[in-house]
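Chain and residue survey
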Amino acid sequence: MPRTLHEVVFVDGVRTPFGKAGDKGMYAQTRADDLVIRCIRELMRRHPELPPERVEEVAIAATTQIGDQGLTLGRMAALLSGLPKTTPGYSVDRMCAGAMTAVTTTASSIAFGSIDVAIAGGVEHMGRHPMGEGVDPNPRIVAEKLVDPSALVMGSTAENLHDRFPSITKERSDAYAVGSQEKLAKAYANDQIQPDLVPVATRHQELGYGLATQDEPPRPGTTLEDLAALKTPFRPHGKVSAGNSAGLNDGATACILASEQAARELGLPVKMRLVDFAFVGVEPEVMGIGPVPATEKALAKAGLSIEDIGLFELNEAFAVQVLAFLDHFDIADDDPRVNQYGGAIATGHPLASSGVRLMTQLARQFEEHPDVRFGLTAMCIGIGMGAAVIWENPHHADYGQEVAA
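Throughout, residues of each chain are indexed from 1 in the direction in which the sequence is written. Given that this is a predicted model, residues contribute local features only at a pLDDT of at least 70 and side-chain atom pairs are listed and counted only at 80 or more, while totals for whole chains, interfaces and linings are drawn from all residues. To get the side-chain values, take all heavy atoms of the structure and skip hydrogens and water.

**As for the overall build of the protein chain**
Our working definition: For helices the rule is a DSSP run of H or I covering at least 4 residues; for strands it is a run of E covering at least 2, with both sets numbered from the N terminus onward. Throughout, radius of gyration means the C-alpha value; the globule benchmark is 2.2 Å times the number of residues raised to the power 0.38. Buried, partly exposed and exposed residues are distinguished by accessible area as a fraction of the type maximum, computed with a 1.4 Å probe on protein chains only: under 20%, between the cut-offs, and over 50%, respectively. Two residues qualify as a contact provided that any one of their heavy atoms is within 4.5 Å of a heavy atom in the partner residue.
In terms of regular secondary structure, the protein chain is built from 12 helices and 12 strands. Expected size for 405 residues packed as a compact globule is a radius of gyration near 22 Å; at 20 Å, the protein chain falls within 12% of this value. By its C-alpha atoms, the protein chain is 60 × 60 × 50 Å across when sized along the principal axes. Residues counted as buried form 58% of the 405 residues belonging to the protein chain. In the protein chain, of all internal contacts separated by at least 6 residues, the share reaching a separation of at least 24 is 79%.

**As for helix α1 (residues 32-46)**
Because an α-helix packs 3.6 residues into every turn, residues spaced three or four apart end up facing the same way. This is how the line gets drawn: Helix span, expected: 1.5 Å multiplied by one less than the number of residues in the helix.
Helix length check: α1 (15 residues) gives 22 Å between terminal C-alpha atoms against 21 Å at 1.5 Å per residue, within 8%. For α1, every residue scored as buried is listed here: Ala-32, Asp-33, Leu-35, Val-36, Ile-37, Cys-39, Ile-40, Glu-42, Leu-43 and Met-44. Where α1 is buried, its residues contact β1 (8-15), β3 (58-61), α2 (73-80), β5 (117-125), β6 (200-204) and β8 (249-259).

**Comments concerning unusual backbone geometry**
A positive phi angle is found at Lys-145, which is not glycine, with a value near 55°. You can see Lys-145 is positioned in the loop between α4 (140-143) and α5 (154-164). On the basis of relative accessibility, which here comes to 73%, the residue Lys-145 falls in the exposed class.

**Quick look at the environment of Val-280**
Looking at the element boundaries, Val-280 is found in strand β9 (residues 272-281). With 231 residues separating them in the primary sequence, Val-280 and Glu-49 have C-alpha atoms 37 Å apart.

**Considerations on the UniProt feature "active site" (unreviewed entry) in the protein chain**
Operational definition: UniProt positions are given in the numbering used here, feature names are shortened, and annotations may be inferred rather than shown by experiment.
Residues annotated in UniProt with the feature "active site" (unreviewed entry) correspond here to Cys-96, His-349 and Cys-380. Across 285 residues of sequence, these annotated residues stay compact in space, with a maximum C-alpha separation of 12.1 Å. Within the element layout of this structure, Cys-96 appears in the loop between β4 (89-92) and α3 (98-112). Overall, Cys-96 belongs to the buried group, its relative accessible area being 9%. Discounting chain neighbours no more than four positions away, the residues touching Cys-96 are Thr-63, His-349, Leu-351, Ala-352, Met-379, Cys-380 and Ile-381. Here Cys-380 lies in strand β11 (residues 374-381). Beyond its immediate sequence surroundings of up to four residues, Cys-380 is in contact with Cys-96, Met-287, Gly-288, Pro-291, Ala-317, Gln-321 and Met-385.

**Focus on the pattern of salt bridges**
So the rule is basically this: A carboxyl oxygen of Asp or Glu within 4 Å of a side-chain nitrogen of Lys or Arg is what we treat as a salt bridge.
For the structure on display, the rule yields 21 salt bridges. Asp-174 serves as the salt-bridge partner of Lys-170, at 2.8 Å between the closest nitrogen and oxygen. On the criterion of helical spacing, the pair formed by Lys-170 and Asp-174 is a turn pair, its members being four residues apart in helix α6 (residues 170-189). In this structure, Lys-170 and Asp-174 share a single accessibility class: buried. Connected through salt bridges with shared partners, the residues Glu-7, Arg-273, Arg-373 and Glu-392 form a single ionic network.

**Digging into the environment of Glu-225**
Tracing the backbone through its elements, the reader meets Glu-225 in helix α7 (residues 224-228). Taking C-alpha positions, Glu-225 is 9.3 Å from Asp-174, a pair spaced 51 residues apart along the chain.

**Examining the pairing of strand β10 (residues 309-314)**
The condition that has to hold: We treat two strands as partners when DSSP finds at least two bridges between them.
In terms of burial, β10 is largely enclosed, as six of its six residues are buried. Sheet analysis places β10 next to β11, joined by five bridges and oriented parallel. Note that in β11 the partner of Glu-313 across the bridge is Thr-377.

Structure, rendered in structure tokens:
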């Protein structure tokens, strides 16, 4: 018999503060799985109206699924978080879009009616597990020229994107990066970031015990002169530097998704409604262009245009990648709709966790802007992919109504 699809809503999301990867980072002696467990426990603490047994799936993403990021992380995290043994779980890997894929996959199960409530998120401890640790790429991919060797180095793909779009200069990328730092500093000053952060107890061989309460990567006060002096490690006299890229980071995210009916039944808040989503493949050598066709596909499926999107949360893996997106859709570099709280260049980008950070920030911006009906979360993905998810603001007067043709 044919099924009726269910509306899927974003109930709430949290994240740990993001840390700098490496021996000196605040999570150097903290396990990756403990980071995501902390997020799940905080979600359940914030929502006592949600009985633990009603969580029917836990999907957790990690790019490097080894060590404390391995062993079917979603199931292990569910057990260690105190959810019932009857709650299943699984792991996801779509590199940078891991958490985003965990969300869309569990949302699909909810829409189909297989489950009513799920927790989805991601974690990446790049200090313990650098991207690519333990992998063995099939030599055919280069030997048979399926991809250019630069496709396997994300920074090199960003340089390739600069080559393809020469109007995106290093100076322009640096200016965008300075803006990201300034917006994040302003958001912190306005207490717009802190409500979604989960404090994490830490232990460090040199620093001793501590409490992580804010992001470690931001560099407030960064100037164009500072960035102009940085080296370009992926190409001599190149355009991609540590200043106009996201860093190597540690952190975790998690969110609650539910059918709209279950949210009403349980008294759960509705912060966003999932409208549509799309994942696409692009040339791996210029993976940063991925959000463009992904957004075009998602908009077409939803019957919307780019003009209908009132808020954008774009992952800033590299400034050039965001600028290529903005140029394609004729959006100004400093458009106030884009990354109002700053982005990954300032906040950090613990790979598989970042998708839910975008969603959590968009949900908060929806609360601040009831005049905006639709928002977009989008990101590029290593090995040549892009992802885009369109959300509807429940605070808008036309929420839930048909979109005008």
